[in-house]
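# Summary of the model geometry
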Amino acid sequence: MDFDELVRLATGHGVYDYQRKVALCGLPELLRVPTGAGKTLAVILGWLYRRRTWPDATPRRLVYVLPMRALVEQVSEVAMQWMAEVAPEVVVNVLMGGEGVHDYDSRWVLRPEQDAVVVGTLDMILSRALNRGYGESRFIWPVAFGLLNSGSAWVFDEVQLMGPALGTSRQLEAFRRSLGTASPCSSTWMSATVDQSCLSTVDLDAVSTIIGLSEADRTGPLRTRLEARKAVHHLDLDPDPRRRARSLASQLAAAHLAGTRTIAVMNTVAAAVDLWRELDRLELGAEVVLLHSRFRPGERSIHYQRAVAAVDRDGPGRIVVATQVLEAGVDISSATLFTEAAPWPSVVQRAGRCNREGEIDGAQLLWAEPAKPAPYEASDVSAAGSALRGLEGIDVTPEDLAGQEVDLARVSHPVLRRRDLVELFDTSPDLSGNDLDIGRLLRDGEDLDVAVAWWEVSDAAPDKSNGMPARDERCPVPIGQLRELWGPRGRDVTVWRFDHLDQGWVRCRRADDIRPGAVLVMRAGDGCYDPQVGWDPASRAPVPGASRHLALAEDPARGDTATDSDPATFGKEWVELLRHLEEVAAYVGRLVGELRPEGLGPDLLEAAVMAGRLHDVGKAHDAFQAMLVSGLDHEASVARPAGGPWAKSDHGGGSYAKDRRHFRHELVSALALLGQGRPLLEGLAEPELVIYLVAAHHGRVRVGIRSLPGDGRPLEEPDRLAALGVWDHDGLGEVTVPGGVIPAQELDLTVMELGTGEGGRSSWGELALCLRDRADVGPFRLGFLEALVRVADWQVSSGKGMPDA
C-alpha cells in the first residue's frame, strides 16, 4: 500500500504534504513544523512505511526520545493503536522511570531481530546509549548500549526542553558516524520552535536535511490550526508571595468558562501545588486536576487521564494545573490558558494547548510574571514578558507567536567528548561503587532525578528477596531535594540503595551515596509522598503502597543485580553443558542471519558464533558444579539425572562456598581459552575477540579484572592471586565442547596484572582495550557483539527459540 493508504488505515485521517515527504524522502535530520501539525505521525508511520518498502535501507528499530513522562505515555499509546491497525507484528516498548529489561516490556532487547518502536524519556534512553542505564542493573548496561547504537532510527522530540541532552544526542550521532556501528543509524531532531544554532556541536556542526511545512500544507487542511486565535491578556497578581497563589486562583476561577477546560502551566512543581491547593479550597464545582512529573506512575496515570478526558459541555468544566508536562506534545486543548512567563519557546509551546483546533471563539491566553525566574534564566523570562506585553489585547495565531523575535540566553552545557564515550565503555565501578557521572550530560543539575519507592520496613534493611522496586512503585524525585531532606538539617528519614557487592540493601550514609538515576527505598512511615500531591517533602503521613508490576518470571535477566547473581542458571530442568553450548552457538548464528549487520565483517561475526559455542566452559569448574547441587535435599539429589557437567539445574538455586564468594564462571571460561583451550581458536581470524566476548557475556568482566572485597583465598596462601572467586593455579578438568575437547589445566590469573606477561603475553586490559580502540571494531560494534551473545544465552536459558526455529 502507498503511504496515504497506510495512514488512512492506521488513523482514519488524511495525510499532510510534509508527512508524505518524510515517508518518501526519509526522516530528515531536522523536522521543523508547528505544534499540533502531526510530527509524531510523520516519523512513526513514515518510518514504518519505509521499513516495509525499503527494509534494507531503513533501521529496524525506531527510538523515540521525549523530555517528559507524560509525553511518553501519549506517544506510546498512539503508536500502539496505529501498529495494532496496520502492523501488529511491530512491538511498541516503553522505557520510562524504571521500565527496562527488568520489567515486562523488554521485548526490544530479547528480540533484537524484530522490528520495534522504543519510546522513552531522554534520561532513560540516553543513559542506556551511554552504557549507564538508569534504573537498571549495571550488569545489563552493555546489552542496551550495543543494541541502541546499532540499527536504530533515533527521533528526538521537543528539543527545546532537552537541556544538556540535546548536545549529548548530537555528539552521540557524530560518534556513531566516526567510530562505526554494526548496522546504520540515523537521528532526527524535531520541534516547532527549535533554534537551529542550538544543534551545532563540536563534532556535528551542520544540519544536512530539513523538512518543514510546504505551501500545500499552509493552504490545505492544516490552515485551521495554523490560524487558530487566542487573545493575550496580562494578570495583575498580589505581589506578596504568601498571597500570590490565592490571587491567581481567584482570577482563574473568574476567567474559567463552564463546559470548557482551563489550563494553568506553572514553572515549578511547588508553584503548581500551591495553586492547586488554593483552587481546591474555592470549591468551584469545576473539577480541579493537578499534573506534574513527581508522581508514581499509577497516580500520575490517573491524574493524566482526568486531565485529558473530554469535558462535558453542559457541566461546570475542568481546571488543569500543570507544569511543563503539558508544555509540549500532549494533544489537549483549552478555552483559557494561563502561563507564567518562561523562555519564549516554552511560551509558544504552552500556547499551543489553547484553542488547538481553532474551534473556540473568544479563547484567551493569560499570563503573569513568576514569583522567581528559576528554573529559567532571568533574562529569558524578562524577554518573554516584554514580548507578551507588546501583544496585550491582540488575537494571535501560533505562527504569530513563533514569528516573534525574542532573545534567548545561550546556556553552556557540558559536552560529551569522544574520550568520555570511550571511557564509558567500561562498566566496572571502582571499589566504592562509583561510576563516571553522566547526569551532567542529560539534565541540568536541579533536574537530575532518583527513583524512590516506599516500603513497609523497620530500621532493618529491606529484604533482598523483594528484588528491586517495580516500576509502579517508583517516584521520580529531584536528587537535590532528597539530599537536603535526608541531610543534617533535614528530617529523620532513612534511605537505602542496592549494593551489588554486598548483594543487598545498604543504608545511605553520605550525600554521594544518593546518585543520579539510582533506585532507592524509603520507609513508608517516613512520609514525603501524597497520592493527590505527589512527592511532598513536607508530608509526614504514611505512604500507601503501590501495586508491584513485576517482571515476567521467565525473563532471564530478572534478579541479575549482584556480582554473584546468575538467575538464568536455575530453570525447569537439568541441562548438560555440551547441549547448552550447542544451542547458544546456533542461536547466535540465527541472530546473525536475521540481522545481517553490514558494519561487521565475516571474521567478527564468526567470532560471535564461536563465543556462543565456548561461553560457559567455566561452568565445568568444581566450584560451580558444587554450587548447583548445594541446595538439593537428599530426595532431589537422588532424583537428579546422571551425567554432567551441568550448565543449568531445575531447582531454585544453591550457594557458593564462603571462600568462593563472587565466583564468576565466565572468568574461568576466558582463562581456559587463554590456556589449554587456545588450540580450539587456531584458524580463527579473531581469537582475542572470542575470548573477550566469552568473558564479558555476563557484564562482570569488562576492560579490567581485579579482586573485590570478600574474594576468598586458601588460608595457607594469603598472597595467591584471586579475582571474582577464581584463584591462580585453580584446576579445571577436561571439558568437552562442540567440535573438540579442552584438556585439563591449571588456570593462570597473572593476566589480570598490568604490563606484559611471560613470553610477551598481553594483559587482559591490553587485550580488551585493543578491541575497543580498533578502527574496525570500536565501542559500538563491540557492544553489539556482546549483546548478540548475551541475548542468545538469555533466550536459550529461558527455553525460547527464534520465531521460525
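Parameters at a glance
The numbering scheme is per chain: residues are counted from 1 as the chain's sequence reads. Note on the predicted model: pLDDT of at least 70 is required for a residue's local features to be given, and 80 or more for side-chain atom pairs to be given and counted; whole-chain, interface and lining totals, by contrast, use all residues. Side-chain measures were taken over the full set of non-hydrogen atoms in the model, leaving aside hydrogen atoms and water. Helical segments are the DSSP runs of H or I of at least four residues, strand segments are the runs of E of at least two, and each set is numbered from the N terminus. C-alpha atoms define the radius of gyration in this analysis, and the globule rule sets the expected value at 2.2 Å times the number of residues to the power 0.38. Each residue is placed in one exposure class: buried if its accessible area under a 1.4 Å probe, protein chains only, is under 20% of its type's maximum, exposed if it is over 50%, and partly exposed if it falls in between. Nonpolar core, defined: a set of buried Ala, Val, Leu, Ile, Met, Phe, Trp, Tyr and Cys residues in which side-chain atoms within 4.5 Å join the residues together. A contact between two residues is defined here by any heavy atoms of the two lying within 4.5 Å. For helices, the fitted line uses only the C-alpha atoms of the stretch in contact; every axis is such a line through C-alpha atoms, and the angle between N-to-C directions lies from 0 to 180 degrees. For classification purposes, an angle smaller than 35 degrees is called roughly parallel, one larger than 145 roughly antiparallel, one from 65 to 115 roughly perpendicular, and anything else oblique. Crossing chirality is assigned from the near helix's rotation relative to the far helix, an anticlockwise turn below a right angle marking it left-handed and a clockwise turn marking it right-handed. Only centres within 6.5 Å qualify two rings of Phe, Tyr or Trp (six-membered ring in Trp) as a pair; their planes then separate them into stacked at under 30 degrees, edge-to-face at over 60, and tilted for everything else. Pairing between strands is defined by DSSP: at least two bridges between the two strands are required. One number per residue, pLDDT, summarises how confident the predictor is, and it ranges from 0 to 100. The directions considered for the arc run from the helix axis to the C-beta atoms. Think of a polar contact as two N or O atoms within 3.5 Å of one another; within protein, one of them needs to be a possible hydrogen donor and the other a possible acceptor, and neighboring residues in sequence only count if both atoms come from side chains. A pair is scored as a salt bridge if a Lys or Arg side-chain nitrogen falls within 4 Å of a carboxyl oxygen belonging to Asp or Glu.

### Here we look at the overall build of the protein
For the protein, the count of helices and strands is 27 helices and 29 strands. Taken against the 2.2 N^0.38 rule, which gives 28 Å for 805 residues, the C-alpha radius of gyration of the protein at 28 Å falls within 12% of a compact globule. Summarising its shape, the C-alpha atoms of the protein cover approximately 85 × 60 × 50 Å along the three principal directions. The buried share among the 805 residues of the protein stands at 60%.

### Brief notes about the nonpolar core
Residues Tyr692 and Trp764 are the most contacted members of the largest nonpolar core, which totals 121 residues. Take this core: its biggest share by element is 11 residues, from helix H27 (residues 778-797). Not counting residues within four places of it along the chain, the set of residues in contact with tryptophan 764 comprises Ala670, Leu674, Ile691, Tyr692, Ala695, Val701, Arg702, Val703, Gly704, Ile705 and Val751. Counting residues in hydrophobic clusters, the runner-up holds 78 residues, among them Val22, Leu66, Trp82 and Ala153.

### As for the packing of helix H20 (residues 577-595) against helix H21 (residues 602-614)
Each pair of packed helices can be described by the angle between their axes along with the distance between the axes. Running from N to C, H20 and H21 point in directions that differ by 155°, and their axes come no closer than 6 Å. The angle between H20 and H21 places the two elements in the roughly antiparallel class. By crossing handedness, the relation of H20 to H21 is classed as right-handed. For the pair H20 and H21, the contacting residues are Leu581, Val584, Ala585, Val588, Gly589 and Val592 in the first and Leu605, Ala608, Val609, Gly612, Arg613 and Leu614 in the second.

### Here's the deal with the packing of aromatic side chains
The description of an aromatic ring pair uses the distance of the two centres, along with the angle that the planes make with each other. Tallied over the entire structure, the rule returns 13 aromatic pairs. Ring centres of phenylalanine 145 and phenylalanine 425 lie 6.2 Å apart, and the angle between their planes is 70°; on these two criteria the pair is classed as edge-to-face. You can see phenylalanine 145 sitting in helix H7 (residues 141-148) and its partner phenylalanine 425 sitting in the loop between helix H17 (418-424) and helix H18 (439-442), a full 280 residues away along the chain. Here tryptophan 454 and tryptophan 535 contribute two aromatic rings whose centre-to-centre distance is 6.4 Å and whose plane-to-plane angle is 35°, an arrangement assigned as tilted. Of this pair, tryptophan 454 sits in strand S15 (residues 449-455) while tryptophan 535 sits in strand S21 (residues 534-535), placing them 81 residues apart in sequence. Judged by relative accessible area, which is 4%, tryptophan 454 ranks as buried. We classify tryptophan 535 as buried; its relative accessible area is 5%.

### A closer look at the sheet that holds strand S17 (residues 495-499)
Taken together, the five strands give an open sheet; going across it, the order is S16-S15-S19-S17-S18, and neighbouring strands pair in mixed fashion. Each edge of the open sheet is held by one strand with a lone partner, namely strand S16 (475-478) and strand S18 (504-507). Neighbouring strand axes in the sheet, compared pairwise and without regard to direction, differ in orientation by 45° on average. In the sheet, S15 pairs with strand S19 (residues 519-523) via five bridges, with the strands oriented parallel. Opposite tryptophan 455, over in S19, you have arginine 523 as the bridge partner.

### Concerning the confidence of the model for the protein
Looking at the protein as a whole, the pLDDT averages 89, with 93% of positions reaching at least 70. Ignoring residues within four places in sequence, the model shows residues 549-556, a span with pLDDT below 50, making 23 contacts including any to other chains.

### Here we look at the sheet that holds strand S1 (residues 30-32)
Taken in spatial order, the seven strands of this open sheet run S3-S4-S2-S5-S6-S1-S7, and their pairing is parallel. Every interior strand has two partners, whereas the edge strands, strand S3 (91-95) and strand S7 (210-212), have only one. Within the sheet, the average angular offset between the axes of one strand and its neighbour, ignoring direction, is 20°. Both strand S2 (residues 61-66) and strand S4 (residues 116-121) contribute to a ladder of six bridges, which runs parallel. Residue leucine 66 lies in a different strand from S4, and its bridge partner there is threonine 121. Helix H6 (residues 122-129) contacts S2, S3, S4 and strand S5 (152-157) of the sheet and is inclined by roughly 115° relative to S4.

### Overview of helix H19 (residues 479-486)
Residues Ile479, Leu482, Leu485 and Trp486 constitute the buried set of H19. Seen along its axis, H19 keeps its buried residues to an arc of 130°; they face one direction. Contacts made by the buried residues of H19 are with S15, S16, S17, S19 and S21.

### A few points about the environment of serine 797
Secondary-structure assignment places serine 797 in helix H27. As for serine 797 and arginine 177, which are separated by 620 residues in sequence, their C-alpha atoms are 35 Å apart. Leave out the neighbours within four places in its chain, and serine 797 touches Ala568, His580 and Lys648.

### Quick word on the side chain of serine 76
Relative to the helices and strands, serine 76 is located in helix H4 (residues 69-86). For serine 76, a relative accessible area of 6% translates into the label buried. There is a polar contact of 2.8 Å between the side chain of serine 76 and the backbone oxygen of valine 72. Within polar-contact distance, the side chain of serine 76 engages the backbone oxygen of glutamate 73 at 3.1 Å.

### Some words on the pattern of salt bridges
Tallied over the entire structure, the rule returns 43 salt bridges. In this structure, glutamate 369 and arginine 389 form a salt bridge, with 2.7 Å as the shortest nitrogen-oxygen distance. Within this pair, whereas glutamate 369 is found in the loop between strand S13 (364-368) and helix H15 (378-389), its partner arginine 389 is found in helix H15, the two being separated by 20 residues in sequence. A salt bridge links glutamate 688 to arginine 678, with the nearest nitrogen and oxygen atoms 2.8 Å apart. Of this pair, glutamate 688 sits in helix H25 (residues 687-696) while arginine 678 sits in the loop between helix H24 (665-674) and H25, and the two are 10 residues apart along the sequence. Classification of arginine 678 by relative accessible area gives partly exposed; the value is 29%. Connected through salt bridges with shared partners, the residues Glu29, Arg170, Glu173, Arg176 and Arg177 form a single ionic network.

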